[in-house]
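Overview (structure and organization)
These are the residues of each chain, in order.
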Amino acid sequence: MLVPTLTLAENLALGDPWWRRPARRHYAAEVARLGARLGVTVDATVEVSALSLGERQQAEILRALLRGSRVLLLDEPTALLTPHDAERLGLLMRRLVAQGLAVVFITHKLNEALAWGDRISVLRLGRKVGEIPPARLRALSPAAARRDVLDWMFHRAGEGESRAAQATTLSDIGTPPSAQGTSAPSPDKDGSPSTPASPEWNADNDRPPSGPGAPARSPDNDGSSSAPGAPARSPDNDRPSPGRFGSTPLLVAQRLSVADARVALRDIDFSVAGGEILGIAGIDGNGQTQLDEAQAGQRRLSAGCIWLAGQALQNYSLRERRRRGLSYVTDDRLGEGTVATLTVAENLLLKQIGAPPFWRGGIRRPVRIDAFARRRIRAFDIRPPEAQTPVGTLSGGNVQKILLARELNHRARAVIFAKPTYSLDLHNSLAIRERIRQSAAQGVAVVLISTDLDELLALSHRVAVLRRGQIAGMVVNDAHARRRIGALISGETP
């Protein structure tokens, strides 16, 4: 990690003896020399906080090399980068390898692994389950290499090739096998499914929405997954169908402004119809946190209005907004979304403490709570399936499932997802993306805030680009969306 309030040269000097004056000029010259050799330009005299995310990645690599590292371990280095910066990082890795260094590149994006890797290893549940050595990787076509990797990821040897053909990147894949061929359950008295719920249903939803704002269901717009044997997808053609949305917007943000010392929001305008997914793109740190927290009710607006189904929400608390149908899935799963020391059952009801039917007269009703938790655990495939397990012992993917099980309830009319698959493994990412699709298919208005452009293009009908606290532009998800979004993120004219 680099200290953001220091320059790169000062960061390099941190390991020197404490009694020496920092050799700023020396380290700046070393950075310039090494950068010239590698084709990288980073100003070592400016504070790290002033560098872009792509420049910070390059600065980290230069620091490691100047300290004598011969092996670089890069863990999800492109997760927060623009497509242009990700491509630059890939080219830099190739130049490092050409000069004799070893690079371990950990990624959930298969297209990047195929483009930049000499050898691909696949991990599942903490074990290496497959590998494509260099000679074989050079001999395989991209489609064949993808198929091998996906078969290892899903342990699908012998299942045929049709399912593997449904995807081209680990961050951009269609419906998981478990989402196919299921049926909707009947509701219990408290609104929860009494049997394991299909991903087609929000848990606790006793019927699909109807009336204005609900999408028209058809074979091409029912939220269902691609059939086995569907043609291979790519980041540019795997887009949601245009759909048919209600004529009246369900969720409206009007001139939202938030005062913030780091990134202030200014005059944010957007609307989302029932059944629509609006993506919010941008490099992390451009106001995403301020925007999702302002919508949810965790930050005070300095100006503007939020409307849900014609009701103004800006003066209501987070609890009241949720009661009126606005749900929020935070990106801080353990710090904000759950209490690590509490059980799964308690976290599922964290926002309903004291409310019937789980409490009566202030008295906890453990039988009802445990029955509710067991249904939720089955419906959302939370593992291990034990209601009394402390949340702090679960994986990130299962903690995220708890958040979805809690927020995708029968009252949800609009849902804000903040980086819902960030740092998750492939299987959990697929399951959560399918939940998002199915939420929209039921007529819910979805705001998807993500720094993963592939994810936004796979799920969103439209994408708004957030830059320096303002909406830089709105892009319809068509064949040119990737280029236009990338240009808006970098500040260029699309």
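Anyway, here's the lowdown on the structure attached to this text. Bear in mind that the values here come from a model prediction, so they are computed numbers and not experimental data. Along each chain, numbering runs from 1 in the same order as the chain's sequence is written. Local features in a predicted model are, by the rule used here, given only for residues with pLDDT of at least 70; side-chain atom pairs are given and counted only at 80 or more, and totals for whole chains, interfaces and linings are based on all residues. Excluded from the side-chain calculation are hydrogens and water; included are all heavy atoms of the structure.

With respect to the pattern of salt bridges
Salt bridges are defined as contacts in which a side-chain nitrogen from Lys or Arg sits within 4 Å of a carboxyl oxygen from Asp or Glu. Scanning the entire structure with this criterion turns up 24 salt bridges. Across the salt bridge formed by aspartate 260 and arginine 299, the nearest N and O atoms sit 2.7 Å from each other. One end of the pair, aspartate 260, is in the loop between strand E7 (251-258) and strand E8 (265-272); the other, arginine 299, is in the loop between helix H8 (288-296) and strand E10 (303-308), with 39 residues separating them in the sequence. Between arginine 383 and aspartate 381 there is a salt bridge, with its nearest N and O atoms 2.9 Å apart. Think of it in three bands: with a 1.4 Å probe and only protein chains considered, a residue is buried below 20% of the maximum accessible area for its type, exposed above 50%, and partly exposed in between. Judged by its relative accessible area of 31%, aspartate 381 is partly exposed. What you see here is one network of salt bridges that share partners, running through Arg322, Lys351, Arg406 and Glu407. Put simply, DSSP H or I for four residues or longer makes a helix, DSSP E for two residues or longer makes a strand, and each gets a number counted from the N terminus.

A look at the sheet that holds strand E16 (residues 445-449)
At least two DSSP bridges between two strands are required for those strands to pair. Read from one edge of the open sheet, six strands run E12-E15-E16-E9-E17-E18, paired in mixed fashion. One side of each edge strand has no neighbouring strand; the edge strands of this open sheet are strand E12 (326-329) and strand E18 (470-476). Taking the axes of each pair of neighbouring strands and ignoring which way they run, one obtains an average angle of 20° across the sheet. Note that strand E9 (residues 277-281) and E16 share four bridges and pair parallel. Along E16, the bridge assignment pairs leucine 278 with valine 447. When checking whether two residues touch, look at their non-hydrogen atoms; a contact exists if any pair is within 4.5 Å. Lines fitted to the C-alpha atoms define the axes, with helices restricted to the stretch that makes contact. Angles between their N-to-C directions range from 0 to 180 degrees. Contacts from helix H14 (residues 426-441) reach E9, strand E15 (414-418) and E16 within the one sheet, and its direction differs from that of E16 by about 150°.

Side note on helix H3 (residues 53-66)
Here H3 spans 20 Å end to end across 14 residues, near enough to the 20 Å set by a 1.5 Å rise per residue. All buried positions along H3 are accounted for by Gly54, Gln58, Ala59, Ile61, Leu62, Arg63, Ala64 and Leu65. Along its buried surface, H3 packs onto helix H1 (8-13), helix H2 (24-38), strand E1 (71-75) and helix H4 (83-98). Phi for glycine 68, located one or two positions after H3, is positive at around 90°. One fewer than the residue count of a helix, multiplied by 1.5 Å, yields its expected span.

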